[in-house]
2 protein chains.
Amino acid sequence: MTRVLAVDDDPSLRRALAINLRARQYEVDLAEDGASALAAAARRPPDVVVLDLGLPDMDGSDVIRGLRGWTQVPIVVLSARAGQGDKVDALDAGADDYVTKPFGMDELLARLRAAVRRGIAGEEAPVVDTASFTVDLAAKEVRTASGEHVRLTPTEWHLLEVLTRNEGKLVPQRQLLQEVWGPQYETETNYLRVYMAQLRRKLEQNPAQPRHLITEPGMGYRLVR
Amino acid sequence: MTRVLAVDDDPSLRRALAINLRARQYEVDLAEDGASALAAAARRPPDVVVLDLGLPDMDGSDVIRGLRGWTQVPIVVLSARAGQGDKVDALDAGADDYVTKPFGMDELLARLRAAVRRGIAGEEAPVVDTASFTVDLAAKEVRTASGEHVRLTPTEWHLLEVLTRNEGKLVPQRQLLQEVWGPQYETETNYLRVYMAQLRRKLEQNPAQPRHLITEPGMGYRLVR
DNA sequence: CCGGCGCGTAAAGAACGCGTCAAAGTCGCC
DNA sequence: GGCGACTTTGACGCGTTCTTTACGCGCCGG
């Protein structure tokens, strides 16, 4: 059963959330402020968190950072209709989605389902294998189709790791550069060219015509099975 | 139940709208001018707004901006005047779609359904598929109906992305140019013609008679399923 | 009936991005 | 201190993409 931790200082909204969620077979924990939310999450790790930003004791973004310190649980934020500043802050702090008050219960439930789906999908998939090679993210290991171990340098691995975690998706050049080399290298696209070439030489059967490490000109790269 | 706010100064048209909409299980609020429309929307937030541009007290675009200040509710505009200027203004101000008077009730209802669907779907719509092709916004990938990958250039993709995010809705030329090429290219409508032609060649089964990438002469383009 | 406007199409040169190679620079380890 | 592995940097050729211009057509208004 899916466990939801719902955090809001308004008792009537807490009650409404609890009733609606339990009616849909969620297991519900409640908290009325940031401190007890963090405590509750630590005591019984939830599968998804619904968090009101307007808590009496702590800033919402700080609650998010407190959770993100040790868990990747999906967080859906509730906010009164005020400015967008706190929304941006919350997303930057690591929230997954955002619902503005007043909201329809249907909408919140839809967002919750989506968040849970993403969360569960995220935990599995440490291994991705293609026709030519297999990437084991947990073991940090790459093997060819014939089972031989492939030696990668740290940078090569890091690049391949980002592509693997986004398997099938196009990863923008900027994101790759930022995650592998850091934010100040966002424009050094030639790094990508050099290292993609090295990865292809080690992993592709025909490096000149790559089948899995695909260039999308002008946009980024993509790992396809 | 879906709530519609219908705004028109003509009492007989208000009545006709109310009867037709209620017959189709919509909950209907009525307003006869801009000020009371804004007040009604604030009192009971609607799921979709039908707005006549020819109101006695306010310019239609100002009503739209008044709503857009705090809500993303879909707005379908009714326009009587032959001129296109006010329609373009309304779309630029944030309207979602428009219907020209005199209109068939069927057409209005179809536009309403499309607008409501978009509104509810909200931010969760990473995949849009038509009879001819499928657009995956998250993966930045386009496939034909037969499943083949379609290669798009960055500009082609960017243009298609904007249209896809506004699926079903008429997107003004100005908005497309601004989002794809930047604010200083707002008048270069020939860019749109060139790139729409390229997209049609790659995506439409019969590029000469596009079924999904539709031109709305003088105003903009629309992606329909 | 004619003229103008907007749209679709085609084609050209210019600009850009990518893959490749080679060499210089950096770091840690023996 | 020297050696090897890894990373960074620069240059070049080639194919692709973007930009710009020109022309023909259809529709609408005069």
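What counts and what doesn't
Residues numbered from 1 in each chain as written. Chains lettered and ligands numbered in written order. Predicted model: local features only at pLDDT ≥ 70, side-chain atom pairs only at ≥ 80, totals over all residues. Heavy atoms only, no water. Pairing = 2+ DSSP bridges. Helix = DSSP H or I, 4+ residues; strand = E, 2+ residues; numbered from the N terminus. Axes fitted to C-alpha atoms, helices over the stretch in contact; angles between N-to-C directions. Contact = heavy atoms within 4.5 Å. 1 Å grid on protein atoms, 1.4 Å probe; cavity = no way out; pocket = protein on both sides within 12 Å on 5 of 7 lines; lining within 4 Å. Points joined across faces, edges and corners; volume = space filled by probe spheres on them. Nonpolar A, V, L, I, M, F, W, Y, C, P; charged D, E, K, R; others polar. Near = heavy atom within 4 Å. Polar contact = N/O pair within 3.5 Å; in protein donor to acceptor, adjacent residues only side chain to side chain. Phe/Tyr/Trp six-rings, centres within 6.5 Å; stacked < 30°, edge-to-face > 60°. Buried < 20%, exposed > 50% of the residue type's maximum accessible area, 1.4 Å probe, protein only. Right-handed = clockwise from strand over helix to strand, strands pointing away.

### With respect to the sheet that holds strand S9 (residues 170-172) of chain A
Residue and element names in this part refer to chain A. Strand order in the open sheet formed by 3 strands is S9-S11-S10, and the pairing between neighbours is antiparallel. At either end of the open sheet lies a strand with only one pairing partner, and these are S9 and strand S10 (213-216). Taking the axes of each pair of neighbouring strands and ignoring which way they run, one obtains an average angle of 30° across the sheet. Where helix H6 (residues 154-165) meets the sheet, its contacts fall on S9, S10 and strand S11 (220-223), and the angle it forms with S11 comes to roughly 70°. Together, S10 and S11 form the strand contacts of helix H8 (residues 189-203), whose direction differs from that of S10 by roughly 150°.

### So, the layout of surface pockets
By volume, the second largest pocket is sized at about 270 Å³. Considering the residues around the second largest pocket, the lining is formed by Leu170, Pro172, Gln173, Arg174, Glu186, Gly218 and Met219 of chain A together with Lys140, Pro154, Trp157, His158 and Glu161 of chain B. Put simply, the parts of the chain that give the lining of the second largest pocket at least two residues each are S9 and helix H7 (173-180) of chain A together with helix H6 (154-165) of chain B. Counting residues per element, the lining of the second largest pocket draws most heavily on H6 of chain B, at 4 residues. The residue makeup of the lining of the second largest pocket, split by class, is 5 nonpolar, 3 polar and 4 charged.

### Focus on the protein's contact with DNA strand C
With respect to spatial proximity, 16 residues lie near DNA strand C, and among them Gln173, Arg193 and Thr215 of chain A together with Arg200 and Thr215 of chain B are the closest. The side chain of Gln173 of chain A places a nitrogen or oxygen atom 2.7 Å from a phosphate oxygen of DNA strand C. Within the side chain of Tyr221 of chain B, one N or O atom sits 3.0 Å away from a phosphate oxygen of DNA strand C. Per-element accounting of the surface near DNA strand C gives the leading share, 4 residues, to helix H8 (residues 189-203) of chain B. Partitioning the surface near DNA strand C into residue classes produces 6 nonpolar, 6 polar and 4 charged.

### Here we look at the packing of aromatic side chains
Residues and elements named next belong to chain A. With the rule as written, the count across this model stands at 6 aromatic pairs over all chains. On the numbers, 5.6 Å between centres and 65° between planes, the contact of Trp181 with Tyr195 is edge-to-face. Of the two residues, Trp181 sits in the loop between H7 and H8 while Tyr195 sits in helix H8, which places them 14 residues apart along the sequence. Residue Trp181 is classed as buried on the basis of its relative accessible area of 18%. Residue class for Tyr195 comes out partly exposed when judged on its relative accessible area of 22%. Consider the rings of Tyr185 and Tyr191, whose centres lie 5.9 Å apart with planes at 40°: the pair is tilted.

### Looking at the environment of Asp47 of chain B
All names here are of chain B. Inspection of the secondary structure puts Asp47 in the loop between helix H2 (34-43) and strand S3 (48-52). The spatial distance from the C-alpha of Asp47 to the C-alpha of Asp9 is 21 Å, given a sequence separation of 38 residues. The contact partners of Asp47, leaving out residues within four places of it in the chain, are Met1, Thr2, Arg3, Val73 and Pro74. Among the polar contacts made by the side chain of Asp47, one reaches the main-chain amide nitrogen of Arg3 at a distance of 2.8 Å.

### A closer look at the protein's contact with DNA strand D
The immediate surroundings of DNA strand D are formed by 17 residues, with Arg151, Thr155 and Tyr191 of chain A together with Thr155 and Tyr191 of chain B found nearest. Among the atoms of DNA strand D lying within 4 Å of the protein, the sugar-phosphate backbone contributes 82%. Between Trp181 of chain A and DNA strand D, the recorded distance is 2.8 Å, taken from a side-chain N or O atom to a phosphate oxygen. Ranked by the residues each element gives to the surface near DNA strand D, the list is headed by H8 of chain B, at 4 residues. When grouped by side-chain class, the residues that make up the surface near DNA strand D number 10 nonpolar, 5 polar and 2 charged.

### A look at empty space enclosed by the protein
Using the criterion set out here, one finds 1 cavity of 30 Å³ or more in the structure. Its volume calculated, the largest cavity comes out at about 60 Å³. The residue makeup of the lining of the largest cavity, split by class, is 5 nonpolar, 1 polar and 5 charged.

### Brief notes about the pairing of strand S1 (residues 3-7) of chain B
All names here are of chain B. Across the 5 residues that make up S1, a large majority, 5, are buried. Judged from the 5 bridges that link them, S1 and strand S2 (residues 27-31) form a sheet pairing that is parallel. Following the sheet pairing, Val4 is matched in S2 by Val28. Note that the unit made of S1, helix H1 (residues 11-23) and S2 has a crossover that is right-handed.

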